[in-house]
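Tertiary structure, described
Single-letter residue listing:
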Amino acid sequence: MHSTQAEKVPFLRDPDKLAILYQLLTVIGVGLLSYYLIANTLANLERQNISTGFSFLEREAAFEIGETLVTYSAADSYGRALLVGFLNTLIVSFIGIVLTVILGTILGIARLSSNWLVARLSAIYIEVFQDIPILLQLFFWYAFFYEILPGPRQALSLLPGVFLCNRGLIFGVPVWHQGFQYAILALLLAVVLLFFLKRWAAARQAASGKIFPLFRVGLLLVTLLPLLGWWLGGAPTAMSVPELTGFNFRGGLSISPEFTALLLGLVLYTAAFVAEVVRAGIQSVGKGQREAALSIGLRSGHVLNLVILPQALRVIVPPLTSQMLNLTKNSSLAVAIGYPDFVSVAGTTINQTGQAIEGVALIMVVYLIFSLSTSAFMNWYNKKIAIVER
Amino acid sequence: MPQTAPPRSAADVRPPVTNIGVLGWIRANLFNGPLNSLLTLTVLYLLWQALPPFINWALVDSLWFSSSEECKAAGGACWSVITANIRFILFGFYPHDLQWRPLLGICILIALLLYSQNRRHWRPSLAWAWLIGLFSMGVLLMGGIFGLTAVESTNWGGLPLTLLLSVFGLTAAYPVGVVLALGRQSRMPVVKSFCVVYIELIRGVPLISLLFMSSVVFPLFLPEGVTVNKILRAQMAIILFTAAYIAEVVRGGLQGMDRGQYEAAKSLGLNYLQTMRLVILPQALKIVIPPSVSILISAFKDTSLVVIIALYDLLKTTQTALSDPKWMGFSAEAYLFVALIYFVCCWFMSNYSRRLEKELDTGR
């Protein structure tokens, strides 16, 4: 609403004009600061004879990396070395997130158990592991591998064929065979079938009200089809079992102490936080919901699937996302225990080339990509499960 | 003749022994159902396997004040690695004769924390007490005035450095965080977008990349000849990092404010600054005190990351003590000790935040 007569508002009292002034001042302030910093930086770089730009990525890296998922040698370029680091970060975060969600869920449910002992122990675990810095935990597990665990000759045998010693975790794996390829293809087929089956079952239930035992049929599909593929492929059973020859193990798959220590530290630390998230989610669903669902005659599996979980997940997913991101960001601490993740490789690159700005910028961009893509995915998921209001 | 049973008082009818007392409790909490019984037995078995050997190692067979040779010969825990190096672990390279100064500083800080714990002590004068306390902590560490010998900041280390980085970090980050949160809520698009970009950028990257930046990139930003010492640079990185997280917490508080509060303030004729200072922030900041304590906890834990840029905080001094060939191989004991320090501090803070949450949760 405008005042009827043309009242003259003094400039300093007109919020709209003031807003423009403030924003102008902010832009000028930020602009001047950036100009100052950039000018200083350029002058410093010129004085130290450092060229800017990313051309260093094509130069020869000349350092070895202990663990690589793709082929890499010291003769490869810095770009390739950074790719190796990137993949290492990716794999440790991925495995870490999967294990953390599993362990965290178990702990969160245990925390609410009616069994006093289990609930207490779980509470103690959560409190202790949350309150000790992740870096300290990583150092501890690293020392655990190198100082406390025995050498390969006295390796601890956790299960038959699984050994733990100061060379890492070593276990048997099946020898690659054509049969496994069939099994994987069959698994993919089962997943596709399941997807269509689910749509068909939903449509049938909507039309006729008949409930299709989707879970049991699905379980049969995903187990039987790959087994069939494996059997058709010749039913290979050959295993590559680790055997002690001389001072080390031969055969099997060995995972380095650095990787295992990093994974152990990240999972045990983050699981404590995930447990709290899961607990809060379960507690957020009122007792009445469960009772109401049971009283309208749903079976306990349906109560969980149709009533409890959809509501609990709505509370769990957002904080769970941020815990997953925390795990990914914390995996950068690998640099402290010598696992060649992205930050560690980038750090070596910075030291060797002196391209500090580009190196740090690369680190930031990589983690921003992780963060933004994860939160984009989670926003999509969140929208999908959000309450549909009228 | 009809006979009636003599009336029995309620006291005579007692529940079965297995439903009350210790037995009843055990039944109700540990053995209610086959699954729970199995679980209890499994857990008890595992505890039986793990606890006695651990107690043997940590307490029965342990050595507390011995030389490293004796430790290497014995089978138990070697706590001597801590008792022999305690001053180095706690104070780093701080001159030996002057270590009472950081100790006094820590005592002042703990006294202030304990005093501020009680909400009845929250008066404006407390803020001054904190200011004076932090200032005297700085003076005690630095020296150079009041007849105290000056100590170079390169010699600071151990627990005082850890506390310094986290407490000063949070104190300085709080105002910045509040400004960022207000900026993010602002209706001015330019200001808002700057704040959003800053907050999301910082929250998206790990602290370690900022610490790298402070140690290798920041010197390039400065004009020729100007240098900023390493601790201050790390401190700035921690402040910039923490501020973004505080901003998000404060934003939560601001969003929890009722629209009516803004409208009422406006109708009283208050301008933006007055509205914020007198009406909104006092209420919003009260809501966010418990999550702010959580931020203090993570800031306290995160300071351990300065190890990676080679500052001698509590963790780094411990590692240095362990790199002495005499004490090599006793990492478990030393790390357990440091973990205990961190745990006690964090546990104290998180308990406090939980209690505060209950106390502040009035009405609604």
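The structure under discussion appears in the preceding block.
What counts and what doesn't
Residues numbered from 1 in each chain as written. Chains lettered and ligands numbered in written order. Predicted model: local features only at pLDDT ≥ 70, side-chain atom pairs only at ≥ 80, totals over all residues. Heavy atoms only, no water. Helix = DSSP H or I, 4+ residues; strand = E, 2+ residues; numbered from the N terminus. Rg over C-alpha atoms; globule rule 2.2 N^0.38 Å. Buried < 20%, exposed > 50% of the residue type's maximum accessible area, 1.4 Å probe, protein only. Salt bridge = Lys/Arg side-chain N within 4 Å of Asp/Glu carboxyl O. Contact = heavy atoms within 4.5 Å. Buried area = accessible area lost by both parts, 1.4 Å probe. Polar contact = N/O pair within 3.5 Å; in protein donor to acceptor, adjacent residues only side chain to side chain. Nonpolar A, V, L, I, M, F, W, Y, C, P; charged D, E, K, R; others polar. Pairing = 2+ DSSP bridges. Axes fitted to C-alpha atoms, helices over the stretch in contact; angles between N-to-C directions.

**With respect to the overall build of chain A**
From N to C terminus, chain A includes 12 helices and eight strands. In summary, chain A has a C-alpha radius of gyration of 28 Å against a globular reference of 21 Å for 390 residues, an excess of more than 25%. Seen along its three principal axes, the alpha-carbon backbone of chain A occupies a region of about 85 × 65 × 45 Å. Relative to its 390 residues, chain A shows a buried fraction of 38%.

**Notes on the pattern of salt bridges**
Per the stated rule, a full pass over the model turns up six salt bridges over all chains. Residue Arg354(B) pairs with Glu127(A) through a salt bridge whose shortest N-O separation is 3.1 Å. Taken together, the positions of Arg354(B) in helix H15 (residues 331-360) and Glu127(A) in helix H3 (residues 116-130) put the pair across two chains. For Arg354(B), a relative accessible area of 42% corresponds to the partly exposed category. Bridged by salt links that share partners, the residues Arg184(B), Glu200(B), Glu248(B) and Arg251(B) form one connected network.

**What about the interface of chain B and chain A?**
Interface size is often expressed as the accessible area that is lost when the parts come together. Contact with chain B, which involves 56 residues of that partner, is made by 50 residues of chain A. Carbon and sulfur atoms make up 74% of the area that chain B and chain A hide from each other, which totals about 4,500 Å². Per-residue buried area on chain B facing chain A is highest for Leu220(B), Phe221(B) and Lys301(B); these three make up 14% of the total on that side. At the boundary of chain B and chain A, one finds 16 residue pairs in polar contact (both at pLDDT 80 or more). Of all elements in the fold, only helix H1 (21-29), helix H2 (34-60), helix H8 (189-204), helix H9 (207-221), helix H14 (314-323) and H15 of chain B reach the threshold of two or more residues within the side of chain B that touches chain A. In terms of residue count, the dominant contributor to the side of chain B that touches chain A is H15(B) (12 residues). Residues that form the side of chain B that touches chain A fall into these classes: 40 nonpolar, 11 polar and five charged.

**What to know about the pairing of strand S1 (residues 156-159) of chain A**
All names here are of chain A. With three bridges joining them, S1 and strand S2 (residues 162-165) adopt antiparallel strand pairing. Looking at the pairing, Ser-157 lines up with Phe-163 of S2. Between S1 and S2, which pair antiparallel and follow one another directly, the connecting turn spans two residues, one of which, Gly-161, has a positive phi of 90°.

**Description of the sheet that holds strand S3 (residues 168-171) of chain A**
Residue and element names in this part refer to chain A. Overall, antiparallel pairing links the four strands, which are arranged S1-S2-S3-S8 in an open sheet. Because the sheet does not close on itself, it has two edges, and the strands there are S1 and strand S8 (253-255). Recorded for the sheet is a direction-independent mean angle of 25° between the axes of neighbouring strands. Note that S3 and S8 share three bridges and pair antiparallel. Paired with Ile-170 across the strands is Ser-254, a residue of S8.

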